[in-house]
Amino acid sequence: MAVLESTTAVKTAPLLFAKRGLLATIVRDYGQECVIVAALILLFVAVGGYNPRFLSTSNLNTIFSGNAYIAVAALGMAMVIISGHIDVSVGALIGVLGTISGKLAVAGYPIWVA
């Protein structure tokens, strides 16, 4: 009798998941990521509604190109963190290199040296 109940439970388990919609499956598997994406979309809509110039092409280009070095460092650090080797020295390194580059630029060195 116990064997019959366990095979029935095994056969009905996929049916329970099949009844769920695609959205429910995505939220179950990627819940935290969905919250972050929704918050970003809400932020863009709210700020864009308050100031229409925020969503202009030139402003978005400035925002994304001005922070490109942070995105490159974040992608590299994501790979390190995902592999389990957590390293937090990248932020300090970017700060030190930014300071050195600024000092060299103010001292008159060419931009490619700085």
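Residues numbered from 1 in each chain as written. Predicted model: local features only at pLDDT ≥ 70, side-chain atom pairs only at ≥ 80, totals over all residues. Heavy atoms only, no water.

(A) Region of interest: the overall build of the protein. Tallying secondary structure elements over the protein gives 6 helices and 0 strands in all. Starting at the N terminus and ending at the C terminus, the protein contains elements arranged as α-α-α-α-α-α. Out of the 114 residues belonging to the protein, those deemed buried represent 4%. Carbon together with sulfur atoms contributes 74% to the accessible area of the protein, which is approximately 9600 Å² in total. (Helix = DSSP H or I, 4+ residues; strand = E, 2+ residues; numbered from the N terminus. Buried < 20%, exposed > 50% of the residue type's maximum accessible area, 1.4 Å probe, protein only. Areas by Shrake-Rupley, 256 points an atom, 1.4 Å probe, with all protein chains shown as cover.)

(B) A look at the confidence of the model for the protein. Mean pLDDT for the protein: 80, with 82% of residues reaching 70 or above. Per-element averaging of pLDDT across the protein places helix H1 (residues 2–19) at the bottom with 53 and helix H3 (residues 31–50) at the top with 90. (pLDDT = per-residue confidence, 0-100.)

(C) Structural detail: the environment of Trp112. Position of Trp112 relative to the elements: it lies in the segment after helix H6 (89–106). When its relative accessible area of 74% is taken as the criterion, Trp112 is described as exposed. Note: C-alpha distance between Trp112 and Ser101 (11 residues apart in sequence) is 9.6 Å.

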